[in-house]
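Structural overview for review
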Amino acid sequence: MGGLRAASPSSGVAMACVVASEVATVLAVMRRNVRWAGVRYGGDDGAGGAGDEYLDHPLIAGLKSLRRRAASWGSRWPGGGGVDPLLYLRAFLDVVRSDETGAPITGAALSSLHKILSLDLVAPGPGVTEAMGAVVEAVTGCRFEVTDPASEEAVLARVLQVLLACVRGRAAPALANRHVCAIVSTCFRVVQQAGTKGELLQRVSRQTMQEVIRCIFGRLADVDVTAIANDQFSKNQDLDAAELSNGKSDYVCLDSSGDEVGAELGVVQDKAMMEPLGVPCMVEILQFLCSLLNIAEDMDVSQRMNPIDFDEDVPLFALGLINSAIELSASSIHRHSKLLAFVQDELFRNLMLFGLSMSPLILSTVCSTVFTLFYHLRQELKLQVEAFFSCVILRLAQGRYGASYQQQEVALEALVDFCRQKEFMAEMYANMDCDLQCSNVFEDLANLLSKSAFPVNSPLSALNVLALDGLVAVIQAIAERTDHAHQHHEQTVPEISEYFPFWQLKCESSNDPDQWVRFVHQQKSIKIKLMVGVEHFNRDKKKGFEYLQGLHLLPEKLDPCSVALFFRYTPGLDKNLLGDYLGNHDEFSILVLHEFAKTFDFEEMNLDAALRLFLETFRLPGESQKIQRILEAFSERYYEQSPHMFVNRDAALVLSYSVIMLNTDQHNVRVKKKMTEEDFIRNNRRINGGTDLPREFLSELFYSICRNEIKTIPEQGAECSEMSYSRWVDLMWKSKRTSSYIACDSYPFLDNDMFPIMAGPSVAAISVVFDNVEHDEVLTGCIDGFLSVAKLAAFYHLDDVLNDLVVALCKFTTLLNNSYTDDPVIAFGVDTKARMATEAVFTIATTYGDHIRSGWRNIVDCILRLHKIGLLPSRLTGDTGDDQESSSDSMPSKLGSSTVAPHVLPINTPKKTYGLMGRFSQLLYMDAEEPRSQPTEEELAAQRNALETEKMSNRDRIVLLWQGVYEHITHIVQSTVMPCNLVEKAVFGLLHICQRLLPYKENLVDDLLKSLQLILKLDARVADAYCENITLEVTRLVKANATHIKSQTGWRTIISLLCVTARHPDASDAGFEALVFIMSEGAHLSPANFIVSVEASRQFAESRLGSAERSVHALNLMADSVNCLTRWSREVKEAGGEADRILEGIAEMWLRLVQALRKMCTDQREEVRNHALLCLQRCLVVDGISISSSTWLMSFDIIFQLLDELLEIAQTYSPKDFRNMEVSLLHAVKLLCKVFLQSLKDLSAQSSFVKLWLDVLDMVEKFMKVKLRGRRTEKLHEAIPELLKNILLVMKANGILSNTIASGESTLWEATWIQVNKIVPSLQLEVFPDNESDAAAAKGKPSSPAHEGQTAERPAMVQLAAA
């Protein structure tokens, strides 16, 4: 759309042209229908009747009137002011609304509306609100007659385009809320209708609805907060199946609601919905989308309805729309209270519900939406986030309650995404673990990650590695915060000296770290003590109360309110004990029971939901008297908050007792005869003060209990249970009273409390993964985790954690394992895991050595083992001490000897350290060998001569050694993923062996060259590092040994190595040099390497790394190679023998060459493309190669395909992409004509010649009629007649084209001139100036003796071809 708006008309005249053009288009489409053509409406029958406007149908009259007036408005268009948009929209809207028009007419009118809206002809200004409303009402109420399915789909697609343009254009803010709802409703209706139509409409409709939702919610940031402060929003009504079904078979009306726009969304036409686009419509849309999540349960899906898999597809579609809306509006939702309230309550509840879906797609979408909400709105969603992690993530990731592997994986992936937010875990600890009424989310998540990283009775899985990623991310985030430790100061938590109502305690300021850190520490301290008190209470109620009183968490003299608060808000209490205590008959217990009931908020809650919530907090005792007392307290509280339903609390008590009995009756397996609805209603007659309760109320209550049992025996510690509606209502009530959300920053205020909780499990989990994995990336992640744990353990003085870590790492070094192989140095060198662990051990020792205690013993054992196997350099074990090393006077002789070759230290040597550990850490950055002095040039020359002499002397023994050498090099190449000296020596050593042995070992040539395929198997990073040098070595090998390479396998290996360099910036020049050496003048071309060499040359020609001149050079190599084919053909014919089979092979190579050149003829570069066409022509018209008729026909198929592609490129692509295509087309048509003449002699006698000739003429006709940028090309128009004339003259001269025919047969002559006259009508007279009459031609009689003679002299074969 951006492009359309960029080209918007800038003047009134231009806008008038647009409107006039669209009017003309609609009128033209209407006139194609007999109904609208020449029909007279109104007026007298006489010619002098009424005015012209009465001669047309009102729709046509309206369009004509608009056309006349458009030009007269001049500059009074949008931008100039003065023209009501309805004046130039109404005529099109009338067509759209009319039920007399068919699909093509309605589609044309919709296209015009789309164009006007896309060009922003309806811009903000006077009358735009009414105009946009009229557009929406007309399009959503669009009616048209269905003539065929395709036209119906086209109209529906255009409806979607217009609606999208309405919400996307500059005039979108003028849309009323009700119109926005109508747009969404119509889009969804089209989505539903598309289910029974084509796949394309289904995809387009869904994508359009996504875009509509994005456009609407993307405008939330611009909505004025004060504009909707006092609005009243309507409640969304549930959709039923009738609203989603599709209208009639022969008539389409999108406005299924009849007279109320947006009825499908349940929109009430109140003041808020009449206001411009704002929060009300967004709330309505979200309500509608949430209702779609439950559509599968609410609908009775029939055979005639949309064949969507309602178990996944509809909820997934709705979740995708919700996710799109949240992504674009989440940052602004907090500014709008109504929208925020909906997100907090209904939206999040639905996300929680579908978070437990069995579909991984739905779960993933839910997690993405919650992640976005958390990122932007976590301060407003504290308890909702806690519930999501407790009831969804923990429930699924633990694999409990029947969660599948896919659900576990998606839940863990979502958790890891959260963990990668550096402040996430700190905020979970501050807001959840340190809140008395919340579960320990941080602790639960940390334990989950640690346990999930452990492989249980199985090999390491993706879940284990995923959990490790999350665990390491949390640890690294904590470690990074230690860099800001100067801002951190310890908080002392004062002891509680007397009881106070700490349950309602809130932080004074969540923005002041001093205040909220003190508050959090105090809350955590109370929570820990409460948990201990809970354990005492569950064993003995009396001792539990005494313990809590001693800590001043309960008053010295117990009062009913404090005990009730303890029962209500303390998690982990034994629910059996709690139920028995609340049901006791003593006065204090009864007072506690009533205070306990007062902690619940049952306002606006159904009786069954309130009862469920109440009974979830304890187990209902079995004694009837206790049940009676508990239900009395419940009924009193419920009646107090819901007096409108019952006349007194006794009615609530009787009904509550009846509900409990119904619940037992329906869900107790021992009850055989179940209570019916009528029984339940009859049992509750006249209980409401002598009157009956509403039958609908009792029926709803009955079926609610039947469908969903009230759990009178709730689960102990049901933190991961499902979120029921009653629990959700209680959560929303708590969310209004909970303390504000604390946003943590980059300072480690709480890390001292967090890290000890996860330190031990983290070290154990990382160690298990490190022990069971071999992948380098995972090993590196484990090492990063180890180092982060060490940093934190040292920072917080957790010496035990650091010692345990050092001991674990020392085991992984394998240095403490005495059962080494015969060569421990090699064993240690090839063990990557051991080397990484060793480096980590000594890094920790040098950095945090002051905090290591018992771990030093293991470190020293490792050092001794390294010394024993000879891996410690002597300078690290010398007698020079710290003081001696720092003094220049104490030991001058040792200082002098220690300065030998100081330049051999690498650049990345760490800073200088002192002591044995400091020196040993440098071992990890040095070569294991002692530095040696540099040899002189004479010594190097002597070593080279000795090495070459040894090689040449022992080359006969290579057969005995080759297999072992090859296997060793193979192992090195396949096991190396990073450049190193070992693989470098292996690769270049292999190349040197081949260079030296190829001239002498003919029986090993194929094996040696085959071994070079190992280079192609190098890891991408290794190959990239050495590509240039490898190419240089291969070039030397080719130049020195090209004559020794005979087999096709050997050449294929060499050419494959060169092909790799075609797209390598550093190696391509060297690779092309080698290819030129092989192909230049055919010096080293042979049947064994011809095809692979041509293919390699094509790849270099295609490569953009070199210049265009290099590509042209590569094309010349390909074109010149045809000379080798002619030479080989001539030699084969002269030699005789099995010539036919060899010549067929040469023809096959010629065809492969043609195919390779044909691929280059569509190159984007003009110079390369044109040169490729010339080279292709050169190869096709070559003489000396025996080409069969079938091969010629195959080559013509290649040519026709090429010409079609060139025509498509010329007509489709921009001239900027393919420059000067006119010249390329000219080369192409010349190529076709010359190749046809070249093959004329061989093909004219074939039965398929007539078809081929007509195909050639058809292609020439296409080139004659081609248009570039809207006009025909002069060069083609000049060249094609001459080329065609030349072909016709040659065919005439050879007697192939003649007007002599057999009576009653279709002839080549007639077919030719039918085609030629379409191209150049005058050409027949030029080629046959003595053209005979049509009659003579029809009888097959020549009109001149000369022609008779020509026909008589024609060979019989040609006459048959002409016939």
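Here the structure is a predicted model, which means the values were calculated and not measured.

**Some remarks on the overall build of the protein**
From N to C terminus, the protein includes 63 helices and four strands. Considering the protein as a whole, with its 1363 residues, one finds that 50% of them fall into the buried category. For the protein, contacts bridging at least 24 residues in sequence account for 75% of all contacts bridging at least 6.

**Regarding the environment of Ile590**
Its location among the elements puts Ile590 in helix H26 (residues 587-598). Along the backbone, Ile590 and Pro560 are 30 residues apart, and their C-alpha atoms lie at a distance of 8.8 Å. Excluding its chain neighbours within four sequence positions, the residues that come into contact with Ile590 are Asn584, His585 and Arg629.

**Some thoughts on the confidence of the model for the protein**
Across the protein, the average pLDDT comes to 78, with 81% of residues at 70 or higher. When the criterion is pLDDT under 50, residues 297-310 qualifies, and its contacts beyond four places in sequence or with other chains add up to 23 contacts. Note that residues 939-954 has pLDDT below 50 and, in this model, three contacts with residues that lie over four places away or in other chains.

**Some details on the pattern of salt bridges**
Summed over all chains, the structure comprises 39 salt bridges. Linking Arg170 and Asp120 is a salt bridge whose minimum nitrogen-to-oxygen distance equals 3.5 Å. One end of the pair, Arg170, is in the loop between helix H7 (149-168) and helix H8 (177-194); the other, Asp120, is in the loop between helix H5 (103-118) and helix H6 (128-140), with 50 residues separating them in the sequence. Judged by its relative accessible area of 8%, Asp120 is buried. Among the ionic pairs, Asp1069 bridges to Arg1110, the shortest N-O distance being 3.1 Å. One end of the pair, Asp1069, is in helix H49 (residues 1068-1079); the other, Arg1110, is in helix H51 (residues 1108-1120), with 41 residues separating them in the sequence. If you follow the salt bridges from partner to partner, you end up with Arg1063, Glu1095, Arg1098 and Glu1102 in one network.

**A look at the side chain of Gln1177**
Within the secondary structure layout, Gln1177 lies in helix H54 (residues 1166-1180). When residues no more than four places from it in sequence are discounted, the contact partners of Gln1177 are His1227, Lys1230, Leu1231 and Lys1234.

**A closer look at the nonpolar core**
If you look at the biggest cluster of nonpolar residues, it comprises 226 residues, and the most contacted ones within it are Phe389, Leu415, Phe424 and Met428. Residue contacts for Phe424: discarding those within four places in its chain leaves Phe374, Phe389, Leu415, Phe418, Cys419 and Leu445. Grouped together as the second largest cluster of nonpolar side chains are 136 residues, Tyr1026, Ala1074, Leu1115 and Leu1268 included.

**Observations concerning unusual backbone geometry**
Phi is positive for Glu604, close to 60°, though the residue is something other than glycine. Mapped onto the elements of the fold, Glu604 is located in the loop between H26 and helix H27 (607-615). Within the chain, Asn1220 stands out as a residue other than glycine whose phi angle is a positive 55°. Its place among the elements puts Asn1220 in the loop between helix H55 (1189-1212) and helix H56 (1221-1243). On the basis of relative accessibility, which here comes to 37%, the residue Asn1220 falls in the partly exposed class.

**With respect to helix H31 (residues 695-707)**
Spanning 13 residues, H31 covers 18 Å between terminal C-alpha atoms, matching the ideal 18 Å at 1.5 Å per step. In this fold, the buried residues of H31 make contact with H27, helix H29 (649-667) and helix H30 (677-683).

**Quick look at the packing of aromatic side chains**
One pass over the full model with this rule turns up 46 aromatic pairs. Here Tyr638 and Phe646 contribute two aromatic rings whose centre-to-centre distance is 6.3 Å and whose plane-to-plane angle is 65°, an arrangement assigned as edge-to-face. Across this residue pair, the class does not change: Tyr638 and Phe646 are buried. In this structure an aromatic cluster arises from ring pairing among Phe596, Phe600, Phe602, Phe614, Phe618, Phe634, Tyr638, Phe646 and Phe697.

**Some thoughts on the side chain of Thr1162**
Its place among the elements puts Thr1162 in the loop between helix H53 (1139-1160) and H54. Within the structure, Thr1162 has its side chain in polar contact with the backbone oxygen of Lys1159 (distance 3.4 Å). Filtering out sequence-adjacent residues up to four positions away, Thr1162 remains in contact with Arg1169, Leu1202, Glu1205, Leu1206, Ile1209 and Phe1218.

**Here we look at the packing of helix H3 (residues 58-70) against helix H4 (residues 85-97)**
Following both chains from N to C, one finds H3 and H4 inclined at 160°, their axes separated by 9 Å at the closest point. Viewed along their axes, H3 and H4 adopt a mutual orientation that is roughly antiparallel. Relative to H4, H3 is oriented so that their crossing is left-handed. Residues Leu59, Gly62, Leu63, Leu66 and Arg69 of H3 pack against Leu87, Tyr88, Ala91, Phe92, Asp94 and Val95 of H4.

**Topic: the packing of H27 against H29**
The contact between H27 and H29 brings their axes to 11 Å, and the two run at 75°. If you check the angle between H27 and H29, you find them roughly perpendicular. Between H27 and H29, the residues in contact are Leu607, Leu611 and Leu615 and Leu655, Ser656, Val659 and Ile660, respectively. Along the lines of polarity and charge, the residues of the contact of H27 with H29 split into six nonpolar, one polar and no charged.

**A closer look at helix H37 (residues 832-848)**
Over its 17 residues, H37 extends 24 Å from the first C-alpha to the last, a length consistent with the 24 Å expected when each residue adds 1.5 Å. Here H37 has its buried residues at Lys833, Ala834, Met836, Ala837, Thr838, Ala840, Val841, Phe842, Ile844, Ala845 and Tyr848. Two to three positions downstream of the cap, the backbone nitrogen of Lys833 sits 3.3 Å from a side-chain oxygen, assigning the N-cap of H37 to Asp831.

**What to know about the environment of Leu693**
With respect to the helices, strands and loops of the structure, Leu693 is situated in the loop between H30 and H31. Note: C-alpha distance between Leu693 and Met645 (48 residues apart in sequence) is 8.2 Å. Excluding residues that lie within four positions of it along the chain, Leu693 makes contacts with Met645, Phe646, Leu655, Ile687, Asn688 and Leu698.

Analysis parameters
Residues numbered from 1 in each chain as written. Predicted model: local features only at pLDDT ≥ 70, side-chain atom pairs only at ≥ 80, totals over all residues. Heavy atoms only, no water. Helix = DSSP H or I, 4+ residues; strand = E, 2+ residues; numbered from the N terminus. Buried < 20%, exposed > 50% of the residue type's maximum accessible area, 1.4 Å probe, protein only. Contact = heavy atoms within 4.5 Å. pLDDT = per-residue confidence, 0-100. Salt bridge = Lys/Arg side-chain N within 4 Å of Asp/Glu carboxyl O. Core = buried A, V, L, I, M, F, W, Y, C linked by side-chain atoms within 4.5 Å. Expected span 1.5 Å × (residues − 1). Phe/Tyr/Trp six-rings, centres within 6.5 Å; stacked < 30°, edge-to-face > 60°. Polar contact = N/O pair within 3.5 Å; in protein donor to acceptor, adjacent residues only side chain to side chain. Axes fitted to C-alpha atoms, helices over the stretch in contact; angles between N-to-C directions. Parallel < 35°, antiparallel > 145°, perpendicular 65-115°, else oblique. Left-handed = near helix turned anticlockwise from the far one by under 90°. Nonpolar A, V, L, I, M, F, W, Y, C, P; charged D, E, K, R; others polar.

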